[in-house]
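What follows is the residue order along each chain.
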2 protein chains.
Amino acid sequence: MPSYTAPLADYRFILNDVLDLQSYGDLPGFADATPDMVDAILDGAARLAEDVLQPLNHSGDQEGCTRNADGSVTTPKGFKEAYRQFTDGGWGALTSDPDYGGQGLPNVLGSCFSEMVSAANMAFVMYPGLSHGAYSAIHVHGSQAQRDTYLPNIVSGAWTGTMNLTEPHCGTDLGLMRTRAEPQADGSYRISGTKIFISAGEHDLAENIIHLVLAKIAGPDTPAGIKGVSLFIVPKYLVNADGTLGARNGVSCGSLEHKMGIHANATCVLNYDGATGYLIGEAHKGMRAMFTMMNEARLGVAVQGLSQSVAAYQNAVAYAKDRLQGRSLTGPKFPDKPADPIIVHPDIRRVLMNIKAFNEGARAFMLWTSLHGDLAHKAKDETAREASEDLMGLLTPVLKGYLTDKGFANAVDAQQVYGGHGYIAEWGAEQFVRDARIAMIYEGANGIQALDLVGRKLAANGGRAVFAWFRILDDFIAANQDDAALAPFVAGLRSVRGQLEDGTTWLMNNSLSNFDNAGAASMDYLYLFGLCGLAYAWALMAKAAAPKAASDEFCAAKLVTGRYFVERMLPDAAAHLAKLKTGAGPVMALAAEAF
Amino acid sequence: MPSYTAPLADYRFILNDVLDLQSYGDLPGFADATPDMVDAILDGAARLAEDVLQPLNHSGDQEGCTRNADGSVTTPKGFKEAYRQFTDGGWGALTSDPDYGGQGLPNVLGSCFSEMVSAANMAFVMYPGLSHGAYSAIHVHGSQAQRDTYLPNIVSGAWTGTMNLTEPHCGTDLGLMRTRAEPQADGSYRISGTKIFISAGEHDLAENIIHLVLAKIAGPDTPAGIKGVSLFIVPKYLVNADGTLGARNGVSCGSLEHKMGIHANATCVLNYDGATGYLIGEAHKGMRAMFTMMNEARLGVAVQGLSQSVAAYQNAVAYAKDRLQGRSLTGPKFPDKPADPIIVHPDIRRVLMNIKAFNEGARAFMLWTSLHGDLAHKAKDETAREASEDLMGLLTPVLKGYLTDKGFANAVDAQQVYGGHGYIAEWGAEQFVRDARIAMIYEGANGIQALDLVGRKLAANGGRAVFAWFRILDDFIAANQDDAALAPFVAGLRSVRGQLEDGTTWLMNNSLSNFDNAGAASMDYLYLFGLCGLAYAWALMAKAAAPKAASDEFCAAKLVTGRYFVERMLPDAAAHLAKLKTGAGPVMALAAEAF
C-alpha cells in the first residue's frame, strides 16, 4: 500500500534559506510566521496529511461517492471524521482574513500546506479546497452583509463552497451560457439551469454548501455573450437573518459523473430549478469576480499537479529500493541477496532523477511565485505590489500548465518503475496517474493556459511583466557569474533565458501579423517558460545550498539534483524553441476535412 | 459514444504504393495475397472491427470480467458471440501454417488486421492474440506429436493459449523463478507454483486453454538461475489420445487482478497444483522457446500502442469538428453558428497533427518491419533472410518501446481535446488512455526494450544490423537527394540519421568502459531511433505520394502531414541526443539513500 511522508526539510530549506521568509517580518501576516510558528504549522500539517488523510486515499478511490435516491451524496468511509479533524484543526482558515476567523498567514505557507494535503489525498482536499475560491470571491466582491453572512462559516469549515461555470455545451466559452436568473421583487433572483462538473457540489461533510453560480440575468438589458454573465450566491440551505439555516433551496444533484479518477470527490450535475440566488458584485460583471476565484484556483491546481508527482515519486522510490530484480550492469551491488534492488539500474535512476529534479525545482518555483502572491497585496509600496502582481499574473498560467502536465507525466513514469504491479490497483501507482490527469483539464485546460500566457499575459502593459522577469534573471546572472560553485547553474540559466527571450521575440514579431502563430506556438512557449522558471529556482537553491554542501548531505544532494536538471532536462528547451518558431504554417496547413 | 473506422485507404497505400507487396508474389504466401484477396481481407477485417468488436469496447470496459465461486471466469456480455464470429471468419488463422488449418498469408497483412481489431477492442483481441504466441512456440519448438495435438485447435480458435512467465517476486528477472516441475515416470511433469498477470488465463470463450508455462525441473541437474528454466505445455483440460478432451488439469484461476484498464480481459493469478505438463523443446532451454513467443508478441504490443493512438485520434477529431467553443483567432470561420468548432484553434490542430503524423508514420514503419519479418523466413537467399532477420531483431525493441510510449502519450493528448468530457467515462477518451497504458509495461517494460536495444541488438555480430540500417537510409538519401519534391524529407532524414549515428558512435565508444553509460543512454537512444524510423517511413511515403499529389487529395495530405513530422516532431531528436551523451554521470551521481 502506498504511503506519504511530508518533505519538511525541503519546505524549511526553501522558506528559510532560499526565500528568507523572516526578512518579510514587517509585513502583515508575516510577523506571525515566526520560525517556531512555521515549524509548528508544517509539523501539524504533516501529521494531518500522513496520519489522517493519506490512509483514506486508496480506500476513497475504491469506494467512491454514492448518490442516494433523495439526491443526497455520501462520501467514502472515514471522510466525515477526517473532515472534522481538518476543521477542528483550523486548517481551512490558515490564510483567511482574521476579521472572519482566519489566521491571516502568508499564502506561501498555505501553498506548503496545500501540497502536503493534496499529495496525501487529492480527492478529499478538494472539498475544503473549493471553499477557498468561494471565500475569495465573496471576500473581494461581496457586500459587507454577504461577507458577514457567509464568510465566518466558510472559514471555519462549517460550510463549504463551489464554483459553477460549466454547462453541458460550454466550458471554455462561457458566453454560450444558458443558465438564467429572473429578478425578483425582493432583490433576489430565481436561478434556473444545469451546471456540470461541479466538484464537491453535494456531499455529507458540512451542514451547508454555498454555490457560486454564473448565470445571465433575464431581460433586455443583458448584453449578449460573455459580457452578460453575472455571479450569484446560491446556498444549498437559505440562511435566515439570525444566521440559522432555513429552507432547502431549489438546487439538487441530478447525478454524479463517472470519472477516470478523483473518485472520492463528488463531481455533480447540479440542477437549479428556480433556486433563490443573490447577485454578488455588479450585474453583468460576473466574469471579473469569477477570475478572482480562478487565478487562485489555478495556482492551487498547479500545486495538485506537483503533489501527485511527489506522492508517486516517493512510492516509486520505495518500490525501487525494495524490489530485487536483475543485477547492476557494473556487477552485483548486493551479492548476498538473490538480486539487486532495481534502483541500481541506470534507467530506473533516470526516471527517479527526472521526477526528483522536477519536484524540487517546481516546488521552489511555485513557492517563489506564491510569495509574490503575498507581496502583491502586502508589500509596502505600490511599485513593489504592482511588480509582484505582474509576476503572479504572468507565472500563474505557466505554473498551472507546466506543473500539471509534468506532474501527470511523472506519475506515469513513476508507475512504470513498478513494472506490471504499476497497473494493478492495490499498489496505488495507477491512482496517482488517474487523479493527476484531471489537473491538466480543470480550471482551464492547459491549452487555455498557454493562450492566456501568449495572448494576454505577455502583451499586457507592453510586456512589462515578461521584461521584469528577464531583469530578475539577469540580476541573478550578473551577481553570480563569477561564483565557480554556481557555474553550471548560471550557465544553464543563461542558456534557457536566451532561448526564452528568443521565443518571446519571435512571438512579439509574428503574432500580430497572424494570431494563429501565437496559438500554434503557445504550448511550446509555455513549456519553455516552465523550464526557465525551474532553472531559476534551481539556481536560487544552488546558491543557498553551495556554501553548506561540504558538510551537509541535504545541501550536497541539492547540488547533484540541480546539476541533473541542467544537464538532462534543460536540453528540451531547444526543441520547444525550434518547434514554436515553425509557426502556424505546418499546424494549419491541412484542411479540416483531411483529418 | 466512441466509434472506429478502419483506415483502409492508408493500408492500401502502404501495402501497394510504398511496400509494393505484389513484387514479392513469387514468395510463399505472397502469391495468395493478390490485390483482390488483400482488398477482401482488409474489408472483412474492417467489418469485424467496426461492426462486431468496437460496439463491445466500452461496455466490456464498464462490465469487466467476473470470477465465479468455482474459479471459472465469465467475460463481458457479447464477448462469446463476438468470439464465435471471430473464429467462424477464420480470423485467427490468417497467417498460420496451412498444414494446421492456417491460411499462410504474410505477416504484413496480419499486422494490418491486428491494428484494426486492436483499435476496435484491445481487451477482446488479447484472447485470440495470446493464442498466437502459444501457436508459435509449439510450431517452432514442439514435437510433431505436440504440433498435431494442439495446433489445429489453436489455429481454428477452438482452443486459446497463454504465456506464463511472471511470478509475484519476479518478472524481468526470470532466473528467480520458483515454479517447479517434478518429472513423472510417463515422461510428463507435475507443475506446481503460482503465476501472475496471466492475460486470458481463464475465460468462457473457448473449450480449452493451452497454457505455456516456464518452470524449473526439480533435481540436481537443473542449472541455477535463468539457465535452468524449461517450458511446458499445461492444458486446462488434458487431451485424450483421440483428441477429445479429458480430465480437468490441476490449474485454476485464484483471482482476477483489479487493473487500471483492459478490464474486459481476464488477467489471472493461476495456481498450478501438481498440474500435468509436457516439456516442450529441450530441458533447461525454456527461455529460447519463450523468446520465440516474446519477439512476436512484442511486435504485437507495438501494434496495440499504435492502435490506441489511432482510435483515440479518430474520436478526438470527431469531437473537435463537432464541439462549438470560442472563435478562431483569425476571425469567425462559421459566423452562422454560435461558435466555431474547436478544430479551428491552432493548439487543437497541433495536438491532432502530432497524433496523425505519428500514426501514419508509425504504421508505415511497423508494416515495413513486419514485411521484413516475412522476408526473414521466406526470402529466396540466405543473405536476404539474414538481413531481414537482423532488421527485425534490431527494430522490434524500437517499435515496442516507441510505439507504445508515444501511443499512450497520444491517447492522453487526444483526451485533452475533450476538455472536461475527456475525464468522463461515457465519452470513452479515458478508456483509450487506461487501455494503452499496459502496452508500455507488458512483454518487457519499455526500459527493458531499451536495454535489449543497446545491450544486445546493437552489439550483435559487430553491429551488423545497425550498419545495415544506416546503409538503407544512405541508399535512399543518395537516390533521392536531387528530387526537389522530396527535399524536406531527405533533409530531415539526413539530419536524424546523422544524430542517430552520433548517438550510436557515442554508445560504442562509452559503453564498454562503463556499462552504466549504456543503461543511462538507452531510453533516449530508443526514442532517437524511433524518430529515425518514422523519418524513413515518411520519406518512403512521400516518395510514393509526391507524383500523385497534384491530383489526389489523399497523397496531397500525406505530404502535408509528413512535412509537419519533419518540422515539428524531428526537433526532439537533438534533445534526445544531448541527453544520452551526458552518460551515466548525472544519472548515477546521487547515493541511493538520498532519493
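Residues numbered from 1 in each chain as written. Chains lettered and ligands numbered in written order. Predicted model: local features only at pLDDT ≥ 70, side-chain atom pairs only at ≥ 80, totals over all residues. Heavy atoms only, no water.

Q: Can you lay out the overall build of chain A for me, pointing to particular residues and giving the numbers?
A: Counting secondary structure elements, chain A contains 18 helices and 11 strands. Here the C-alpha radius of gyration of chain A, 24 Å, is about what a compact globule of 595 residues would show, namely 25 Å. Sequence-distant contacts in chain A: of pairs separated by 6 or more residues, those separated by 24 or more amount to 74%. Surface accessibility of chain A: about 19900 Å² in total, with carbon and sulfur atoms responsible for 53%. (Helix = DSSP H or I, 4+ residues; strand = E, 2+ residues; numbered from the N terminus. Rg over C-alpha atoms; globule rule 2.2 N^0.38 Å. Contact = heavy atoms within 4.5 Å. Areas by Shrake-Rupley, 256 points an atom, 1.4 Å probe, with all protein chains shown as cover.)

Q: Before we move on, can you summarise empty space enclosed by the protein with the specific residues and values?
A: Rolled over the atoms, a probe sized like a water molecule indicates the empty space that remains. Residues and elements named next belong to chain B. Inspection of the entire model under this criterion finds one cavity of 30 Å³ or more. Here the largest cavity is characterised by a volume of approximately 30 Å³. Looking at the largest cavity, the residues that line it are Pro2, Ser3, Tyr4, Gln54, Asn57, Ala119, Ala120, Asn315 and Phe432. Residue classes in the lining of the largest cavity are distributed as five nonpolar, four polar and no charged. (1 Å grid on protein atoms, 1.4 Å probe; cavity = no way out; pocket = protein on both sides within 12 Å on 5 of 7 lines; lining within 4 Å. Points joined across faces, edges and corners; volume = space filled by probe spheres on them. Nonpolar A, V, L, I, M, F, W, Y, C, P; charged D, E, K, R; others polar.)

Q: Can you break down the environment of Tyr24(B) residue by residue, with the values?
A: Residue and element names in this part refer to chain B. Tracing the sequence through the fold places Tyr24 in the loop between helix H1 (8-18) and helix H2 (35-53). The partly exposed category is assigned to Tyr24, whose relative accessible area is 22%. Between the C-alpha atom of Tyr24 and that of Gly530, which follows or precedes it by 506 residues, the distance is 27 Å. Excluding residues within four positions of it along the chain, Tyr24 makes contact with Leu19, Phe30, Leu371 and Leu375. (Buried < 20%, exposed > 50% of the residue type's maximum accessible area, 1.4 Å probe, protein only.)

Q: An account of the environment of Lys236(A) is requested, with residue identities and associated values reported.
A: Along the chain, the position of Lys236(A) falls in the loop between strand E7 (229-235) and strand E8 (237-239). Excluding residues within four positions of it along the chain, Lys236(A) makes contact with Glu202(A), His203(A), Asn208(A), Ile209(A), His211(A), Ala247(A), Arg248(A), Asn249(A) and Val251(A).

Q: Hey, could you go over the packing of helix H4 (residues 79-88) of chain A against helix H6 (residues 122-141) of chain A for me, with residue numbers and the actual values?
A: Residue and element names in this part refer to chain A. Across the interface, H4 lies against H6 with an axial gap of 11 Å and an inter-helix angle of 50 degrees. What the angle tells us is that H4 and H6 run oblique. Of the two possible hands of crossing, H4 and H6 adopt the one that is right-handed. Contact with H4, carried on its side by Phe79, Ala82, Tyr83 and Phe86, involves Phe124, Tyr127 and Pro128 of H6 and no other residues of that element. When its residues are assigned to classes, the contact of H4 with H6 shows seven nonpolar, no polar and no charged. (Axes fitted to C-alpha atoms, helices over the stretch in contact; angles between N-to-C directions. Parallel < 35°, antiparallel > 145°, perpendicular 65-115°, else oblique. Left-handed = near helix turned anticlockwise from the far one by under 90°.)

Q: How would you explain the interface of chain A and chain B if you had to name every residue and give the values?
A: Chain A puts 90 residues into the contact, and the matching count from chain B is 90 residues. Buried area between chain A and chain B, both sides added, is near 7500 Å², and the carbon and sulfur share of it is 62%. Of all residues in chain A, Tyr423(A), Arg568(A) and Phe595(A) bury the most surface against chain B, accounting for 12% of the area lost on that side. Here chain A and chain B share four salt bridges between them. One salt bridge in this structure joins Arg568(A) and Asp524(B), with 2.9 Å as the shortest N-O distance. Our count for the chain A to chain B interface comes out at 44 residue pairs in polar contact (both at pLDDT 80 or more). Its residues placed into classes, the side of chain A that touches chain B shows 47 nonpolar, 22 polar and 21 charged. (Buried area = accessible area lost by both parts, 1.4 Å probe. Salt bridge = Lys/Arg side-chain N within 4 Å of Asp/Glu carboxyl O. Polar contact = N/O pair within 3.5 Å; in protein donor to acceptor, adjacent residues only side chain to side chain.)

Q: Lay out the pairing of strand E9 (residues 245-248) of chain A with the relevant residues and their values.
A: All names here are of chain A. Where E8 meets E9, two bridges bridge the pair, whose relative direction is antiparallel. Among the inter-strand pairings, Val239 is bridged to a residue of E9, identified as Leu245. Count of turn residues in the E8/E9 antiparallel hairpin: five residues, of which Gly243 carries a positive phi of about 90 degrees. (Pairing = 2+ DSSP bridges.)

Q: An account of the nonpolar core is needed here, citing residue identities and associated values.
A: If you look at the biggest cluster of nonpolar residues, it comprises 427 residues, and the most contacted ones within it are Met116(A), Trp469(A), Met116(B) and Trp469(B). When near neighbours in sequence (up to four residues on either side) are disregarded, Met116(B) contacts Tyr4(B), Ala6(B), Leu8(B), Tyr11(B), Leu42(B), Ala45(B), Ala46(B) and Ala49(B). (Core = buried A, V, L, I, M, F, W, Y, C linked by side-chain atoms within 4.5 Å.)

Q: So, helix H16 (residues 553-569) of chain A: which residues are in play, and what are the values?
A: Residue and element names in this part refer to chain A. Relative to the 24 Å expected for 17 residues at 1.5 Å per residue, H16 spans 23 Å between its end C-alpha atoms, a close match to the ideal helical length. The element H16 is extensively covered by neighbouring structure, given that 12 of its 17 residues are classed as buried. Within H16 the residues assigned to the buried category are Cys555, Ala557, Lys558, Leu559, Val560, Thr561, Gly562, Tyr564, Phe565, Val566, Arg568 and Met569. Capping the start of H16 is the job of one residue whose side-chain oxygen sits 2.8 Å from the backbone nitrogen of Phe554: Asp552. (Expected span 1.5 Å × (residues − 1).)

Q: I'd like a description of the environment of Ser199(B), backed by residues and values.
A: Residue and element names in this part refer to chain B. Mapping Ser199 onto the fold places it in strand E5 (residues 189-199). Judged by relative accessible area, which is 11%, Ser199 ranks as buried. The contacts of Ser199, once residues within four sequence positions are left out, are Met126, Leu130, Thr162, Asn265, Ala266 and Thr267.

Q: Break down the relation of the copies chain A and chain B for me, with residues and values.
A: Relating one copy of the chain to the other takes a rotation about an axis and a shift parallel to that axis. At an RMSD of 0.0 Å, chain A and chain B line up after a rotation of 180 degrees and a shift of 0.0 Å along the axis. Taken together, the rotation angle and the small translation identify this as a two-fold axis. Minimal C-alpha separation from the rotation axis in chain A is found for Ala575(A), amounting to 3.2 Å. Here 100% of the interface residues in chain A have copies in chain B that are interface residues too; the copies meet face to matching face. (Least-squares fit on C-alpha atoms with pLDDT ≥ 70 in both.)

Q: Requested: an account of the confidence of the model for chain A, with residues and values cited.
A: Mean pLDDT over chain A: 96, with 100% of residues reaching 70 or higher. Predicted complex metrics record ipTM = 0.97 and pTM = 0.97. (pLDDT = per-residue confidence, 0-100.)

Q: Summarise the side chain of Asp435(B); cite the residues concerned and give the values.
A: Structurally, Asp435(B) can be placed in helix H11 (residues 429-439). An unpaired buried charge is present at Asp435(B): no salt bridge exists, and Arg434(B), the closest side chain of opposite charge, is 4.8 Å distant. The contact partners of Asp435(B), leaving out residues within four places of it in the chain, are Tyr423(A), Asn57(B), Asp61(B), Met122(B), Gly261(B), Ile262(B) and Gln308(B). (Lys, Arg positive; Asp, Glu negative; His and termini not counted.)

Q: Lay out the layout of surface pockets with the relevant residues and their values.
A: Of the pockets and cavities examined, the second largest pocket occupies roughly 640 Å³. For the second largest pocket, the lining is made up of 28 residues, of which Tyr313(A), Lys356(A), Glu360(A), Ala594(B) and Phe595(B) are closest to its centre. Elements represented by at least two residues in the lining of the second largest pocket include exactly helix H1 (8-18), helix H8 (286-322), helix H9 (346-378) and H16 of chain A. At seven residues, the largest contribution of residues to the lining of the second largest pocket is made by H16(A).

Q: Any details on the side chain of Gln449(B)? Residues and values, ideally.
A: Residue and element names in this part refer to chain B. Relative to the helices and strands, Gln449 is located in helix H12 (residues 446-457). Gln449 sits in the buried class, given a relative accessible area of 0%. Side-chain polar atoms of Gln449 contact the backbone oxygen of Glu443, separated by 2.9 Å. Setting aside anything within four residues of it in sequence, one finds Gln449 in contact with Arg298, Pro397, Lys400, Gly401, Glu443, Gly444 and Leu526.

Q: Describe unusual backbone geometry, naming the residues involved and giving the relevant values.
A: Even without a glycine there, the phi angle at Glu443(A) is positive, about 60 degrees. Within the secondary structure, Glu443(A) is located in the loop between helix H11 (429-439) and helix H12 (446-457). We classify Glu443(A) as buried; its relative accessible area is 19%. Although it is not a glycine, Asp20(B) adopts a positive phi angle of roughly 50 degrees. Looking at the secondary structure, you find Asp20(B) in the loop between H1 and H2.

Q: Summarise the pattern of salt bridges; cite the residues concerned and give the values.
A: Residues and elements named next belong to chain A. In the structure shown here, the tally under the stated rule is 56 salt bridges over all chains. Close ionic contact of Glu202 with Lys236 constitutes a salt bridge, the shortest N to O distance being 2.7 Å. Highlighted residues: Glu202 in the loop between strand E5 (189-199) and strand E6 (208-217) and Lys236 in the loop between E7 and E8, separated in sequence by 34 residues. On the basis of relative accessibility, which here comes to 7%, the residue Lys236 falls in the buried class. A cluster of three or more residues bridged by salt bridges with shared partners is formed by Asp10, Glu115, Lys356, Glu360, Arg363 and Lys558.

Q: Give me the lowdown on the packing of aromatic side chains, citing residues and values where you can.
A: According to the stated counting rule, one finds 44 aromatic pairs over all chains in the structure shown. With a centroid separation of 5.7 Å and 45 degrees between ring planes, the pair formed by Tyr24(A) and Phe30(A) is classed as tilted. Residue classification places Phe30(A) among the buried residues on the basis of a relative accessible area of 2%. Arranged with centres 6.0 Å apart and planes meeting at 90 degrees, the rings of Phe476(B) and Tyr536(B) form a pair that is edge-to-face. Pair noted here: Phe476(B) is in helix H13 (residues 460-480) and Tyr536(B) is in helix H15 (residues 515-545), with a separation of 60 residues, a long-range link. Classification of Tyr536(B) by relative accessible area gives buried; the value is 7%. (Phe/Tyr/Trp six-rings, centres within 6.5 Å; stacked < 30°, edge-to-face > 60°.)

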